[in-house]
Amino acid sequence: MADPPLVPNAGLPGSVGHHVPPAHAAQSAVHETTFDPNYVLHVLLKRLWLVVAIVGLVPTVVWLYVRRLPKEYQATASMVLDSATPQYLGPQFRDIVDFEHGSWWSAYEYMETQFRIIRSRRVASQVAVELCRHTLLDRSSGARVPAIQLVKPGVDCENPLSVEGAHGALQAMITVQSASRHSRVVELTAVGRNPELVALVANTYANTYIATNKDQRISESGRAAGWLGSEFSQLQKQLEDAEAALVEFRSEHNLLNLDEQQTDLMRKQRRISDELETVRLKLIALRPLRDRLVRAGEISDEGDPLAHLPPVLQESAIISKLKADYIKALQDRAELSSKYLEKHPKLVVQENLVTTLQKELRREIRLAIQGGLTQYDMLVQQEQELRRLAAEATKEVLALQAKIIEYNKLKLNFDRLKKIAETVGGRETESRLASKLPTNNVRLLDAALVPSAPIGPNTKQAVLTALGVAIVLAIGLAFLLELSDTTVKTQDDLEQVLGIPFLGMIPHLPEGAIEPGEEPARKDLFIARHPKSTVAECCRVIRTNLLFMSPDKPARTLLVTSAGPQEGKSMSSVSLALTMAQSGTRVLLVDTDMRRPRLHKVFGLSSGGIGLTTAIAGEVSALDAVQPTGEANLYFLPCGPMPPNPAELLQTERFRQIVQELSRSFDKVIFDSPPIGAVTDALVLSQVADGVILVAKSHKTSRDMLRRALRQLQDLSAHMLGVVLNDLDLDSRRKGYGYPYYYYYKSGYYKYGSYGSDQEESTKHRRAS
């Protein structure tokens with residue numbers, strides 16, 4: 001067996017190099033989720049006829065439809081809605097219907113309300129009555145008819161109900177809007193098929209609204225004046241009753257001068273309070289003296305009278321003189337006692353004098369104490385009297401205040417009625433004057449003119465709009481169909497659906513892959529004719545990935561199958577076999593599709609002779625049935641005669657022996673089998689092959705088919721080597737569809753001559769080993 005080939009594209013997306021597992025190499029192609037204009041262009045080009053059909057058909061249909069529509073005319077009358085009516089009676093006069101607005105929001109609400117009034121059924125009915133009085137030329141009959149019959153045919157102007165029934169048609173003709181956001185100019189626009197009619201309707205609407213607004217103001221003022229007059233009469237009667245009750249109350253309670261009476265009482269109460277406070281202060285000051293006087297009065301007649309004499313009593317002149325005399329007598333007695341005996345006449349006289357002075361002093365002290373206590377008691381009585389007078393004064397004040405409160409209630413009611421009566425009387429006068437003033441806050445600015453040219457239908461605008469809608473619809477439908485496409489397209493799709501290693505991809509074969517008149521199956525030999533092509537380089541990537549998936553125990557027998565028919569499994573088998581053979585490996589390609597064999601056509605061999613089926617039947621040796629292909633190191637075992645029971649043949653022990661014999665004789669044995677979704681042959685072959693390669697065709701193989709095929713193989717514990725994406729269009733420059741290889745192949749990275757021959761690669765690999 002030949003040595004493994006050199007890795008020519010190590011480190012490239014989808015390749016295996018530097019000991020990187022194929023699954024990791026497959027995950028290295030990371031695409032950023034950014035907007036790619038090439039993707040949009042591809043989707044549109046893919047469904048170009050659908051886009052062209054929609055973009056061309058929709059505007060054409062709209063153009064034909066618009067041309068059949070009747071012409072429409074428009075006439076506009078403008079009015080000014082002033083914020084207030086003219087004030088002929090001065091700035092103090094205010095109308096009953098007030099139009100002044102204090103804020104932007106209130107002005108906005110007012111304008112919106114007037115718009116609704118203009119479009120109301122009431123105004124429309126009045127306009128219909130006015131249109132019955134005008135006649136216009138009916139172009140269909142050539143006669144002049146009431147204008148309302150051009151708005152709604154069949155209206156009988158003699159029947160009020162019939163005339164009122166035309167309000168809906170009139171409302172449909174009218175639109176009302178502000179001329180600008182910051183103005184009070186209102187534009188009233190009428191649209192119709194008769195130019196004279198639309199001008200008449202617009203002007204009639206404007207005049208009718210102005211008259212209605214004026215009549216409303218006058219009628220409201222008149223009704224308000226009548227109501228205010230009746231209310232004013234009642235208020236006058238209530239005011240007279242309130243005044244009489246007020247006078248009667250003042251007379252009954254003698255409230256001639258409330259302010260003076262209240263002031264006198266307050267002064268009296270304040271004076272009594274001041275006197276009471278003065279007496280209380282005196283009592284507080286005398287209370288300690290009283291206590292001492294009481295204690296002094298409790299002293300017995302025996303003993304020295306000066307022993308318990310309160311200091312305050314010493315201020316008395318009499319007590320002070322007696323005290324001095326008493327002290328002098330004591331001193332004299334003491335002096336005589338030192339000179340004479342106890343019974344001496346002088347001493348006896350002096351002793352009598354001392355006794356007399358003691359009595360006099362005690363008597364004066366008692367009189368002083370009695371006077372102090374009497375004075376204190378008089379202050380206590382005075383305090384009690386003042387308290388009584390203060391309580392009486394407080395009662396008088398409270399009684400007066402109660403009367404004042406009641407009086408104020410009557411006065412307040414009188415003042416309220418008086419103020420209301422003055423207001424109602426003034427408003428009554430203003431209302432009667434306002435009902436006679438011919439003023440209005442709405443005036444006509446510009447009357448509507450008969451239009452000279454139609455405004456519609458606008459064919460150009462309609463076609464351009466239809467074109468824009470058609471473009472959006474076409475693009476949306478194209479992308480909707482694209483998103484509804486469940487086929488696999490990129491490496492990412494396969495990895496998300498299957499979760500097995502991605503071995504590589506085989507690009508779409510270019511135009512001229514076969515010569516004119518040549519068997520179509522011969523195109524599978526494209527890489528043999530173009531070994532330096534992009535397709536050949538992609539197949540080498542697959543070969544390299546397979547080589548490095550299990551270098552210690554390489555798979556010798558490979559099964560190449562697909563989920564469904566016509567997905568390029570045979571072409572992939574041939575390309576893979578050719579690539580391995582070009583690297584010096586002896587490869588045998590076995591056609592195990594016993595139902596629709598076609599590999600013999602690829603090599604230009606006969607299918608009616610010996611082959612795999614005859615070898616299984618024992619008619620010939622398997623190695624004797626192997627035929628050369630004309631390509632170096634590549635051999636082919638055809639299917640042979642088609643049997644009636646292919647699945648049973650593949651399950652025989654003889655077939656297993658043939659597989660073992662072929663694997664010993666060749667380096668690689670590649671089985672090309674039928675699709676998994678059609679028959680069970682591929683599932684049977686997966687049990688004898690060392691590895692299974694699943695082929696998916698870009699933009700053809702559905703995800704569900706791939707999932708089912710992989711599930712069937714995994715249920716039988718087949719060794720899945722990986723998946724190959726076939727027929728990928730590298731010219732599809734859109735996100736994901738161009739594949740990471742696009743940046744290498746389209747940039748000339750694999751130009752002819754960039755690498756040596758496969759034989760050179762094999763030699764280098766042997767030397768490296």
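So, how was this worked out
Residues numbered from 1 in each chain as written. Predicted model: local features only at pLDDT ≥ 70, side-chain atom pairs only at ≥ 80, totals over all residues. Heavy atoms only, no water. Helix = DSSP H or I, 4+ residues; strand = E, 2+ residues; numbered from the N terminus. Buried < 20%, exposed > 50% of the residue type's maximum accessible area, 1.4 Å probe, protein only. Contact = heavy atoms within 4.5 Å. Areas by Shrake-Rupley, 256 points an atom, 1.4 Å probe, with all protein chains shown as cover. Pairing = 2+ DSSP bridges. Axes fitted to C-alpha atoms, helices over the stretch in contact; angles between N-to-C directions. Phe/Tyr/Trp six-rings, centres within 6.5 Å; stacked < 30°, edge-to-face > 60°. Expected span 1.5 Å × (residues − 1). Arc of directions from axis to C-beta. Salt bridge = Lys/Arg side-chain N within 4 Å of Asp/Glu carboxyl O. Core = buried A, V, L, I, M, F, W, Y, C linked by side-chain atoms within 4.5 Å. Patch = residues over 30% accessible without salt bridge, like charges linked within 9 Å, V, L, I, M, F, W, Y side chains within 5 Å. Lys, Arg positive; Asp, Glu negative; His and termini not counted. Parallel < 35°, antiparallel > 145°, perpendicular 65-115°, else oblique. Left-handed = near helix turned anticlockwise from the far one by under 90°. Nonpolar A, V, L, I, M, F, W, Y, C, P; charged D, E, K, R; others polar.

Asks: How should I be thinking about the overall build of the chain in this particular structure?
Replies: Helix and strand content of the chain: 26 helices and 14 strands. Relative to its full complement of 769 residues, the chain shows a buried share of 42%. Pairs at least 24 residues apart make up 79% of the contacts formed inside the chain by residues separated by at least 6 positions. Carbon and sulfur atoms form 54% of the exposed surface of the chain, whose accessible area is close to 41300 Å².

Asks: Please clarify how the sheet that holds strand β1 (residues 73–81) should be interpreted in this entry.
Replies: The strands that make up a sheet pair up through hydrogen bonds in the backbone, lying either parallel or antiparallel. Spatially, four strands are ordered β4-β5-β1-β6 in an open sheet, and the strand pairing comes out antiparallel. Either end of the sheet is taken by a strand with one partner, and the two such strands are β4 (174–178) and β6 (442–446). Within this sheet the neighbouring strands show an average axis-to-axis angle of 30°, counted without direction. Examined bridge by bridge, β1 and strand β5 (residues 185–192) share eight bridges and lie antiparallel to one another.

Asks: How do you make sense of the pairing of strand β12 (residues 668–672) when you look at a structure like this?
Replies: Burial runs high along β12: five of the five residues are buried. Burial along β12 is two-sided: the residues K668, I670 and D672 and V669 and F671 are all buried.

Asks: Just to check I follow, could you spell out the sheet that holds strand β10 (residues 627–628) for this structure?
Replies: Reading across from one edge, β7-β14-β13-β8-β12-β9-β11-β10 is the order of the eight strands in this open sheet, with mixed pairing throughout. In this open sheet, the two edge strands, each paired with only one partner strand, are β7 (502–507) and β10. Its contacts with the sheet put helix α14 (residues 491–498) on β7, β13 (691–697) and β14 (720–728), and the angle it makes with β14 is roughly 145°. Helix α16 (residues 534–549) rests against β7, β8 (557–562), β13 and β14 of the sheet, and its axis sits at about 165° to β7.

Asks: Can you help me understand the packing of aromatic side chains in this one?
Replies: For any pair of aromatic rings, the description consists of the separation of the ring centres together with the inter-plane angle of the planes. Considering all chains together, one arrives at four aromatic pairs under this definition. Ring geometry for F249 against Y407: centres 6.5 Å apart, planes inclined by 25°, an arrangement best described as stacked. Here Y407 lies in helix α12 (residues 345–434) and F249 lies in helix α9 (residues 195–252), a separation of 158 residues in the sequence. Pair check on accessibility: F249 and Y407 agree, each one buried.

Asks: Is there a simple way to think about unusual backbone geometry in this case?
Replies: For residues other than glycine, phi is negative in most cases, and the peptide bonds are mostly trans. Along the chain, G456 connects to P457 via a cis peptide bond; the corresponding omega equals 5°. For P457, the location among the structural elements is in the loop between β6 and α13 (459–483). Here the phi dihedral of Q566 falls at roughly 55°; this positive angle occurs in a residue that is not glycine. By the element assignment, Q566 lies in the loop between β8 and α17 (569–582). Note on Q566: relative accessible area 63%, which makes it exposed. Notably, H699 is not glycine yet its phi reads approximately 65°, a positive angle. Following the sequence through the fold, H699 ends up in the loop between β13 and α24 (703–715).

Asks: Is there a simple way to think about helix α3 (residues 48–68) in this case?
Replies: It helps to recall that an α-helix has 3.6 residues per turn; residues three or four apart then point in one direction. With 21 residues, α3 extends 31 Å between its outermost C-alpha atoms, agreeing within 8% with the 30 Å of an ideal straight helix rising 1.5 Å per residue. Those residues of α3 that fall on the buried side of the exposure criterion are V51, I54, P59 and V66. One face of α3 carries all of its buried residues, which in axial projection span an arc of 100°. Within α3, the exposed residues directed more than 90 degrees away from the buried face are W49, L57, Y65, R67 and R68. Next to the buried residues of α3 lie α2 (37–46) and α13.

Asks: I keep staring at the side chain of D524 and nothing clicks. Help me out?
Replies: With respect to the helices and strands, D524 occurs in the loop between β7 and α15 (526–529). With residues near it in sequence (within four places) discarded, D524 still touches S570, M571, V574, S575, L578, R598 and V602.

Asks: Can you help me understand the environment of V723 in this one?
Replies: Looking at where V723 falls in the secondary structure, it is placed in strand β14. Sequence separation of V723 and V692 is 31 residues, and the distance between their C-alpha atoms is 8.8 Å. When neighbours within four sequence positions are excluded, V723 is seen to be in contact with L494, L498, I500, P501, F502, L503, G504 and L694.

Asks: Looking at this model, I keep getting lost on the pattern of salt bridges. Mind explaining?
Replies: Oppositely charged side chains can form a pair if their charged atoms are brought close together. This model, assessed by the stated rule, comprises 20 salt bridges. With a shortest N-O distance of 3.0 Å, E164 and R121 are connected by a salt bridge. Of this pair, E164 sits in helix α7 (residues 160–164) while R121 sits in helix α5 (residues 121–131), and the two are 43 residues apart along the sequence. Residue classification places E164 among the partly exposed positions, given a relative accessible area of 30%. One salt bridge connects D493 with R703, and the closest N-O pair in it is separated by 3.4 Å. One end of the pair, D493, is in helix α14; the other, R703, is in helix α24, and 210 residues separate them in sequence. Judged by relative accessible area, which is 25%, R703 ranks as partly exposed. Several salt bridges converge on common partners, so that one network encompasses R280, E383 and R387.

Asks: Is there a simple way to think about the nonpolar core in this case?
Replies: Within soluble globular proteins, side chains that are nonpolar tend to cluster in buried spots. Ranked by internal contacts, the top residues of the largest apolar core, which has 51 residues, are L494, L498, F655, L662 and L706. Beyond its immediate stretch of four places on either side in the chain, L498 contacts L694, L706, R707, L710 and V723. Grouped together as the second largest cluster of nonpolar side chains are 41 residues, Y73, A75, A77 and V151 included.

Asks: Would you explain a nonpolar patch on the surface in this entry?
Replies: Taken together, the side chains of L41, L45, L48, W49 and V52 present a nonpolar region at the surface, about 560 Å² in accessible area. The set of elements that each furnish at least two residues to the nonpolar patch consists of α2 and α3. With three residues, α3 is the largest single contributor of residues to the nonpolar patch.

Asks: Help me understand the pairing of β5, please; the structure alone is not making it clear to me.
Replies: The side chains of a regular strand alternate, first on one face of the sheet and then on the other. One ladder, built from five bridges, connects β4 with β5; its direction is antiparallel. Following the sheet pairing, V176 is matched in β5 by L188. The turn joining β4 and β5, which pair antiparallel and follow one another in sequence, is formed by six residues.

Asks: Would you explain the side chain of D138 in this entry?
Replies: Relative to the helices and strands, D138 is located in the loop between β2 (135–137) and β3 (144–146). It turns out D138 is buried and unbridged, and the closest side chain with the opposite charge, R139, is 7.8 Å from it.

Asks: I tried to follow the packing of α5 against α9 on my own but got confused; where do I start?
Replies: To characterise two packed helices, one gives the angle between the axes of the helices and the distance between these axes. Across the interface, α5 lies against α9 with an axial gap of 9 Å and an inter-helix angle of 120°. One element, α5, and the other, α9, form an angle in the oblique class. The interaxial crossing formed by α5 with α9 has right-handed handedness. Here R122, V123, A124, Q126, V127, E130 and L131 of α5 come into contact with α9, specifically with L200, V201, T204, Y205, T208 and T212. Class assignment for the residues of the contact of α5 with α9 results in seven nonpolar, four polar and two charged.

Read these as spatial facts, not as claims about activity.
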